[in-house]
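The primary structure of each chain is shown beneath.
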Amino acid sequence: MEFSLFYFADDASANHPPRSPKHAAAAADHGVPDHGAPNHAAPDHGAPNHAAADHGAPDPREVGKYRLLLDGARIADREGLCAIWTPERHFNRFGGLYPNPALAGAAIASITERVQIRAGSIVAPLHDPIRIVEDWSVVDNLSGGRVGMSFASGWHATDFVLRPEAYEHRRRQVTESVEEVRRLWCGEALDAKDGGGRQVAVSAFPAPVQSMPRMWLTAAGSPETFRAAGELNVGLLTYLLGQEREELADKIREYRAAVRRASGNSWSGHVVAMVPTYLDATPELARERVSGALHAYLTSSFRLIAGSLRRGAAKLDPATLSPADVDAIVSRSLDHYYDNYALFGTVAQAVDAAERLAGIGIDEIACLIDFGVDPEHALAGIPRIAELGREFA
């Protein structure tokens, strides 16, 4: 089992006040860079603003929206986690820090040396495959060949204001994009129409470092998408919400069978599950620090979790629910979510949970850490995730 970091929601640091000296010292004890003083291990963003400090204004580096991402990347790189995943999200505060995972990936590449840099996921129908390869080849060069990409068909109709004509056939287009990205990445030219209406052959530049990056297809739960990932001979990125464990195990088996056929039995695939994660010294501390953030996260992402909830025999339709209904449902669901859809608690508790996930065919747990836990606690928890990896091994 491998362990990586996953960013999907909002950076919690935007919702918390600057650190006190006491908090900065506590963070330093866990290896978290202290932005209250110059961080010589990080890029120099200029001299400290003493005038601002004298008037009590926070250092911009202290409250930056991407502090959890960048500090988390440094810690993950140092602690030996396998990868960092960033999404593509549009027009919504929930996840809105990440409209382009290639931009986030370029930033990560500049401050890390070993950790893999992955898109989780590129909404492929919104983009020309040529542009996908151009962007990610830059990141591959900046990182020395550490890029990986998962491709998604997209699920928010509003996202497709960027390319409305692609919405109807988005599921077909995502598989076509994977094939075209492969060809372009290898240096093959594709036929395209230029501004004058002429057919021209174009190749993508710069040339990447890797001969072929690792690729995944993102599946929210549809069995057809699991099979499509296998038929494309790529990995599978999924998550637990909306999928009972036994149901997910069945779909992973279908994926494995399809990928073995596609690869001529030379590969059995690679399954990544995104799992909200927070590990602390005791179960009580973990629950205390997670509870409020988890309630807010589930409320913000209710459209994602509604498929896993029922009213009687029928699945819930979020459009029919009032805010009070949503709050009541989320409140009743917290314990079930805490125990079944996340890695919360101590390292020892998480070992047992990870073993259960490995038992249904999951190869990598992508630990979602930006669901609203105080950023100092979230960052201090990353070495515990690395410890989990060592314990699990």
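In short, a report on the structure. (Residues numbered from 1 in each chain as written. Predicted model: local features only at pLDDT ≥ 70, side-chain atom pairs only at ≥ 80, totals over all residues. Heavy atoms only, no water.)

## Overview of the packing of aromatic side chains
This model, assessed by the stated rule, comprises nine aromatic pairs. Ring geometry for Y66 and Y98: centres 6.2 Å apart, planes at 80 degrees, overall edge-to-face. Here Y66 is found in the loop between α3 (60–63) and α4 (67–79), whereas its partner Y98 is found in the loop between β2 (83–86) and α5 (101–111), with 32 residues between them in sequence. On the basis of relative accessible area, Y66 is assigned to the partly exposed category, the value being 34%. A relative accessible area of 3% places Y98 in the buried class. On the basis of an interplanar angle of 45 degrees and a centroid distance of 5.6 Å, the ring pair of F344 and F371 is categorised as tilted. On the criterion of sequence distance, the pair formed by F344 in strand β12 (residues 343–345) and F371 in the loop between β13 (364–368) and α14 (375–392) is long-range, its members being 27 residues apart. An identical accessibility class is assigned to F344 and F371; each is buried. Every member of this aromatic cluster is reached through a ring pair, and the members are F6, F8, W85 and W216. The ring of Y167 carries the charged tip of R170 above its face, separated from the ring centre by 4.0 Å. (Phe/Tyr/Trp six-rings, centres within 6.5 Å; stacked < 30°, edge-to-face > 60°. Helix = DSSP H or I, 4+ residues; strand = E, 2+ residues; numbered from the N terminus. Buried < 20%, exposed > 50% of the residue type's maximum accessible area, 1.4 Å probe, protein only. Lys NZ or Arg CZ within 6 Å of the ring centre and 35° of its normal.)

## Overview of the side chain of R118
Looking at the secondary structure, you find R118 in strand β3 (residues 116–123). Judged by its relative accessible area of 1%, R118 falls in the buried class. If sequence neighbours within four positions are ignored, R118 has contacts with A83, I84, W85, T86, W136, G148, R214, W216 and E364. (Contact = heavy atoms within 4.5 Å.)

## Focus: the pattern of salt bridges
One pass over the full model with this rule turns up 21 salt bridges. The salt bridge involving D280 is made with R289; its shortest N-O contact spans 2.6 Å. Judged by relative accessible area, D280 falls into the buried class, the value being 5%. Its relative accessible area of 28% is what places R289 among the partly exposed residues. A salt bridge links D335 to R287; its shortest N-O distance comes to 3.4 Å. In this pair, D335 sits in helix α12 (residues 323–340) while R287 sits in helix α10 (residues 283–300), placing the two residues 48 residues apart along the sequence. Its relative accessible area of 33% is what places R287 among the partly exposed residues. One network of salt bridges, in which partners are shared, links D77, E113 and R114. (Salt bridge = Lys/Arg side-chain N within 4 Å of Asp/Glu carboxyl O.)

## Side note on helix α8 (residues 223–231)
Those residues of α8 lying buried are F226, A228, A229 and G230. Buried residues in α8 make contact with β7 (214–218), β8 (235–239) and α9 (245–263).

## Some thoughts on unusual backbone geometry
For the bond running from G120 to S121, omega is 25 degrees, close enough to zero to count as cis. Within the secondary structure, S121 sits in strand β3. Here the amide bond leading from F205 into P206 is cis, since omega sits at 0 degrees, within 30 degrees of zero. As for its position among the elements, P206 is in the loop between β6 (199–202) and β7. The phi angle at N233 is positive, at roughly 60 degrees, despite the residue not being glycine. Tracing the sequence through the fold places N233 in the loop between α8 and β8. With relative accessibility at 28%, the residue N233 sits in the partly exposed group.

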